[in-house]
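Listed here are the chains, written in short residue letters.
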Amino acid sequence: MSGNRTFTMIKPDAVRAGHIGNILKMITDAGFMIRAMKYTRLSSDKAGQFYAVHAERPFYSELVEFMSSGPIVAAILEKDNAVVDFRTLIGATNPEDAAPGTIRALYASNVGENAVHGSDSDENAVIEGAFHFAGTEVF
Ligand code: DAT
Ligand code: MG
């Protein structure tokens, strides 16, 4: 069944600030099941590949440097309507625009260091999950 899984990362800013536990609690309280999870650090090569779609954007090098600056938590999450519901839970890219109570409103520092990633489509959720996890690591 498509439409029931998404991919997330708790980004280096939120990890450094000690928010892993609070963010995972918000995710599971919202009804998402964790199907895969790891604590890891992206090399700059891997971060560059993950965000290749943004390669022409002016913030790309800053984004790659930030995303490889420290450990992250990567996870595959399952829930009905996972991609859309998770984007609602995390809030807008810029925390100044994020709805009150969303993860980014609570924990993001600014538009570049915004605490969490969430896939933007079912297709990208599959691609991003496979980028980070082997089949044997997904349940
Ligand atoms: P999202 O993470 O909400 O899907 P996006 O895909 O447009 O947002 O951008 C990916 C990441 O790139 C985003 O989480 C943070 C960074 N970014 C986006 N816009 C930016 C900007 N104007 N300045 C700095 N970093 C930005
Ligand atoms: Mg995006």
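About the cut-offs
- Residues numbered from 1 in each chain as written.
- Chains lettered and ligands numbered in written order.
- Predicted model: local features only at pLDDT ≥ 70, side-chain atom pairs only at ≥ 80, totals over all residues.
- Heavy atoms only, no water.
- Buried < 20%, exposed > 50% of the residue type's maximum accessible area, 1.4 Å probe, protein only.
- Helix = DSSP H or I, 4+ residues; strand = E, 2+ residues; numbered from the N terminus.
- Arc of directions from axis to C-beta.
- Contact = heavy atoms within 4.5 Å.
- Near = heavy atom within 4 Å.
- Polar contact = N/O pair within 3.5 Å; in protein donor to acceptor, adjacent residues only side chain to side chain.
- Areas by Shrake-Rupley, 256 points an atom, 1.4 Å probe, with all protein chains shown as cover.
- Nonpolar A, V, L, I, M, F, W, Y, C, P; charged D, E, K, R; others polar.
- Phe/Tyr/Trp six-rings, centres within 6.5 Å; stacked < 30°, edge-to-face > 60°.

(A) How the structure looks around helix α7 (residues 122-132). Of the positions making up α7, those classed as buried are Ala125, Glu128, Gly129 and His132. Buried positions in α7, seen along its axis, are confined to an arc of 100° and lie on one side of it. Seen from the open side of α7, the exposed residues pointing more than 90 degrees away from its buried face are Glu123, Val126 and Ala130. Elements that come into contact with the buried residues of α7 comprise β1 (5-10), β2 (33-40), α3 (44-50), β3 (72-78), α5 (82-90) and β4 (116-118).

(B) Region of the structure containing the site of ligand 1. Around ligand 1 lies a shell formed by Lys11, Tyr51, His54, Phe59, Leu63, Arg87, Thr93, Arg104, Val111, Gly112 and Asn114. Taking Arg104, its side chain carries an N or O atom lying 3.0 Å from an oxygen atom of ligand 1. Measuring from an oxygen atom of ligand 1, one finds a side-chain N or O atom of Asn114 at 2.9 Å. Computed on the free molecule, ligand 1 has an accessible area of 520 Å², of which 78% lies beneath the protein chains in the complex. Here the shell around ligand 1 is built from residues that sort into four nonpolar, four polar and three charged.

(C) Expanded view of the packing of aromatic side chains. Evaluated as defined, the whole model comprises four aromatic pairs. Ring geometry for Phe50 versus Tyr51: centroids 4.9 Å apart, planes at 80°, classification edge-to-face. Given the relative accessible area of 6%, Tyr51 is considered buried. Between Phe50 and Phe131, the aromatic rings sit 5.7 Å apart at their centres with planes inclined by 65°, giving edge-to-face as the arrangement. With a gap of 81 residues between them, Phe50 in helix α3 and Phe131 in helix α7 connect regions that are remote in the sequence. On the basis of relative accessible area, Phe131 is assigned to the partly exposed category, the value being 24%.

(D) Focus on unusual backbone geometry. A positive phi angle, close to 60°, is found at Asn81, a residue other than glycine. Among the secondary structure elements, Asn81 is positioned in the loop between β3 and α5. What makes Asn81 partly exposed here is its relative accessible area of 42%. The phi dihedral of Ala115 falls on the positive side, at around 75°, and the residue is not glycine. Here Ala115 is to be found in the loop between α6 (103-107) and β4.

Everything listed here is a matter of coordinates, which is why it stays silent on function.
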